[in-house]
Amino acid sequence: MSQITVEGGKPLVGRVDLKGAKNLVTKAMVAALLGETPSILRDVPKISDVEVVQRLLELHGVTIDFDDAGVMKLDPSKVKSARMVDIDAHAGSSRIPILFCGPLLHQLGEAFIPDLGGCHIGDRPVDYHLEVLRNFGAVIEKLPNGTRMTAPNGLHGAKISLPYPSVGATEQVLLTATKAQGLTELSGAAVEPEIMDLIAILQKMGAIISVDTDRVIRIEGVETLNGYSHRALFDRNEAASWAAAALATGGEIMVGGARQQEMTTFLNVFRKIGGAFEIEDDGIRFKHPGGALQPVVIETDVHPGFMTDWQQPLVVALTQATGLSIVHETVYENRFGFTEALVKMGAQIQIYRECLGGNPCRFGQRNFYHSAVISGPTQLVGADITVPDLRGGFSHMVAALAAQGTSNVSNVQLISRGYEHFLEKLEALGASFSFTE
Ligand code: EPU
C-alpha cells in the first residue's frame with residue numbers, strides 16, 4: 001500500500017471516529033513500566049507508533065495484550081534490560097525510547113537508548129531530556145550508537161527549569177520525578193492536554209503531582225506506584241486534521257469523540273477562516289458552509305496556543321481562502337518542507353526566514369525558513385507526490401483529494417504512524433482512490 005492513485009475534486013462527507021491521542025497513548029504505555037501491578041489502557045489506536053512502543057516494551061520484558069476493541073493490558077512484573085542493538089532495530093524513527101530512561105533507571109538501575117529519529121521537521125535534539133536526567137542524578141555515557149545511563153546513587157528530586165516548554169522534556173520530568181526521592185519543582189513546563197492526561201494517569205498510579213497556573217509543576221516522590229486503568233484522551237490532532245480536510249474539500253465531517261474544550265484555539269481559527277462547526281454530545285461536526293473562505297494570520301505555539309501539528313493540514317485549506325494568509329511556525333524550525341508539493345499542485349506559497357505576522361521567535365535571524373505566506377484561492381491540480389512525514393503527509397493527501405484530476409501519492413504508509421485506519425476512513429468519507437504497486 002505504499003503508493004495510491006487519488007481522483008480529487010470530491011468533497012469529503014461522512015463520519016470518522018477517534019481513538020486516544022497518539023501523543024498520550026505512547027507515553028501512557030511507558031508509564032506502565034513504573035507500576036508494581038498491571039495497567040489497562042482503553043481507546044488505544046492501531047497505529048504504527050503504538051506498535052513500535054509495544055515492541056520496545058516487550059523487549060524490556062513487559063507482557064502486552066492488545067485487543068481489537070482498543071484495550072491494552074500491560075504487565076510490567078518481569079521488566080528486564082534490553083540490548084541496545086535490539087532497541088535500535090525496533091525503534092525505527094520513534095523518539096519514545098528517550099522516555100524509557102527514567103522508568104528503567106528506577107526499575108533496573110540502567111537504561112540504553114539508541115540515537116533517535118522522528119519526522120523530518122527539524123533537528124529534534126534530546127539535550128533537554130539529558131539535562132533533566134542529569135539533574136535527577138543519572139550518569140550519562142555516550143556510546144558509538146547511542147547512550148547508556150546509570151543511577152549509582154539513585155534518582156533524587158530536583159529543581160529544574162526548562163529553556164523552552166518542551167512536551168517531551170516535561171514528560172521526562174514527570175516519569176522520572178514520581179518515584180525519585182524527595183521534591184521536584186519544574187518551571188517552564190509544557191501544559192498540553194496530553195500532559196494533563198499523563199498526570200491523571202500517574203495520579204491514579206499513586207503519584208503526588210500539582211500543577212500551577214504559571215507553568216510550574218511540583219511532584220512529591222513516592223516509593224511505589226501501582227498500575228492504572230484509564231481511557232485515553234481523544235486525539236485532538238487527528239480531529240483538527242479531519243476538520244481541515246472538510247474545509248479544503250468543501251465537505252462536511254462529523255468527528256466522533258472530539259471535544260470542544262481541548263480544541264478551543266483551533267475552533268476559533270477555523271471559524272475565522274469561514275469554517276462552520278457544531279459541537280454535539282458525541283463529537284464535533286466540521287463543515288465548509290459555502291461561500292468564500294477568509295485568510296488568517298496564525299502563529300503556532302505551545303498550549304494553549306495554536307498547535308504546530310494543526311498547521312500543516314490547515315495550510316491546504318488556506319490555499320482556498322481569498323487573500324494572503326501568514327503562518328509563523330515557532331515550535332519547529334523546519335516544518336514547511338511539505339509546501340513544496342502543494343506548490344507543485346498549483347498553490348501559491350512562499351516561505352521566509354523572517355518571523356512574519358507576529359512576535360519574533362527563537363528561529364528568527366537563524367536562516368530557518370519558518371514563516372509561510374499563502375496566497376489564494378488557487379485551484380489545486382493533481383500531481384505525483386511523496387509523503388514526507390506524518391502531518392505533512394496528511395496534508396498531501398488532503399491536497400490530492402481537493403485537487404482537480406489524478407495524483408499519485410507514494411510513501412502513504414507513513415501516515416499510519418499516527419492515523420488509525422486512515423484509508424478506510426477516507427473511503428467512508430467518499431474519497432476516490434486505488435492502490436498502485
Ligand atoms: N527541543 C530541544 N531539545 C530537546 C527537546 C526538544 O531543542 O531536548 C525542541 C524541539 O527541537 C522543538 C521544541 O523543543 O523545536 C519542541 O519540542 P517538544 O519536545 O515539545 O516536542 P516532542 O515532545 O518531541 C511532541 C509531539 C509532537 C508535537 C510536539 C509539540 C509526541 C510523540 N510528539 O514532540 O508531535 O509536535 O510535542 O507539541 O508526543 C506529531 O504528532 O506529528 C508530532 C510531531
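Just above, that's the structure.
Residues numbered from 1 in each chain as written. Predicted model: local features only at pLDDT ≥ 70, side-chain atom pairs only at ≥ 80, totals over all residues. Heavy atoms only, no water.

K.L.:
Looking at this structure, I do not really get empty space enclosed by the protein. What am I missing?
P.N.:
Where empty space is left can be seen by rolling a probe of water-molecule size over the atoms. Here the structure, examined in full by the defined rule, presents three cavities of 30 Å³ or more. Lining the largest cavity we find Leu18, Lys19, Gly20, Lys22, Pro45, Ile47, Asp235, Glu238, Gly418, Glu420 and Lys425. Each residue belonging to the lining of the largest cavity can be placed in one class, and the counts come to three nonpolar, two polar and six charged. Here the lining of the largest cavity gathers at least three residues from each of two domains, domain 1 (3-18 + 234-436) and domain 2 (22-231). (1 Å grid on protein atoms, 1.4 Å probe; cavity = no way out; pocket = protein on both sides within 12 Å on 5 of 7 lines; lining within 4 Å. Points joined across faces, edges and corners; volume = space filled by probe spheres on them. Nonpolar A, V, L, I, M, F, W, Y, C, P; charged D, E, K, R; others polar. Domains from an automatic or database assignment.)

K.L.:
Help me understand the nonpolar core, please; the structure alone is not making it clear to me.
P.N.:
Grouped burial of nonpolar side chains is what soluble globular proteins tend to show. In this structure, Trp242, Phe266, Phe286 and Leu426 are the most contacted members of the largest nonpolar core, which totals 74 residues. Per-element accounting of this core gives the leading share, nine residues, to helix H8 (residues 236-249). Each residue touching Phe266, except ones within four places of it in the same chain, is listed here: Ala240, Ala243, Phe286, Phe306, Trp310 and Leu314. Judged by nonpolar contacts, the second largest core, of 72 residues, contains Leu99, Cys101, Leu105 and Ala158. (Core = buried A, V, L, I, M, F, W, Y, C linked by side-chain atoms within 4.5 Å. Buried < 20%, exposed > 50% of the residue type's maximum accessible area, 1.4 Å probe, protein only. Helix = DSSP H or I, 4+ residues; strand = E, 2+ residues; numbered from the N terminus. Contact = heavy atoms within 4.5 Å.)

K.L.:
Help me out: how do you make sense of the sheet that holds strand S2 (residues 13-17) in this one?
P.N.:
Within a sheet, adjacent strands bond to each other through the backbone by hydrogen bonds, running parallel or antiparallel. On the basis of which strands lie adjacent, the open sheet formed by four strands has the order S2-S14-S16-S15 and mixed pairing. Each of the sheet's edge strands pairs with one partner strand only, and the pair in question is S2 and strand S15 (276-280). The sheet shows a mean angle of 15 degrees between the axes of neighbouring strands, direction not considered. Summarising the sheet, strand S14 (residues 252-256) and strand S16 (residues 283-287) pair through five bridges and their orientation is antiparallel. Residue pairing for S16: Val255 is matched across the bridge by Ile284. (Pairing = 2+ DSSP bridges. Axes fitted to C-alpha atoms, helices over the stretch in contact; angles between N-to-C directions.)

K.L.:
Looking at this structure, I do not really get the site of the ligand. What am I missing?
P.N.:
Taken together, the neighbourhood of the ligand is formed by 24 residues, with Lys27, Asp127, Ser166, Val167 and Val331 sitting nearest. A distance of 3.0 Å separates an oxygen atom of the ligand from a polar atom in the side chain of Lys22. The contact in question runs from an oxygen atom of the ligand to an N or O atom on the side chain of Asn23, over 3.2 Å. Surface burial for the ligand is 92%, taken as the share of its 830 Å² of free accessible area covered by protein chains. Only helix H1 (22-31), helix H5 (127-136), helix H6 (167-177), helix H10 (308-318) and helix H12 (390-402) provide two or more residues apiece to the shell around the ligand. Looking at the shell around the ligand residue by residue, the class counts come to 10 nonpolar, five polar and nine charged. (Near = heavy atom within 4 Å. Polar contact = N/O pair within 3.5 Å; in protein donor to acceptor, adjacent residues only side chain to side chain. Areas by Shrake-Rupley, 256 points an atom, 1.4 Å probe, with all protein chains shown as cover.)

K.L.:
Looking at this model, I keep getting lost on the layout of surface pockets. Mind explaining?
P.N.:
The calculated volume of the second largest pocket comes to roughly 230 Å³. Listing elements by their share of the lining of the second largest pocket, those giving two or more residues are helix H11 (339-344) and strand S21 (384-386). Taken together, the residues of the lining of the second largest pocket sort by class into four nonpolar, five polar and four charged.

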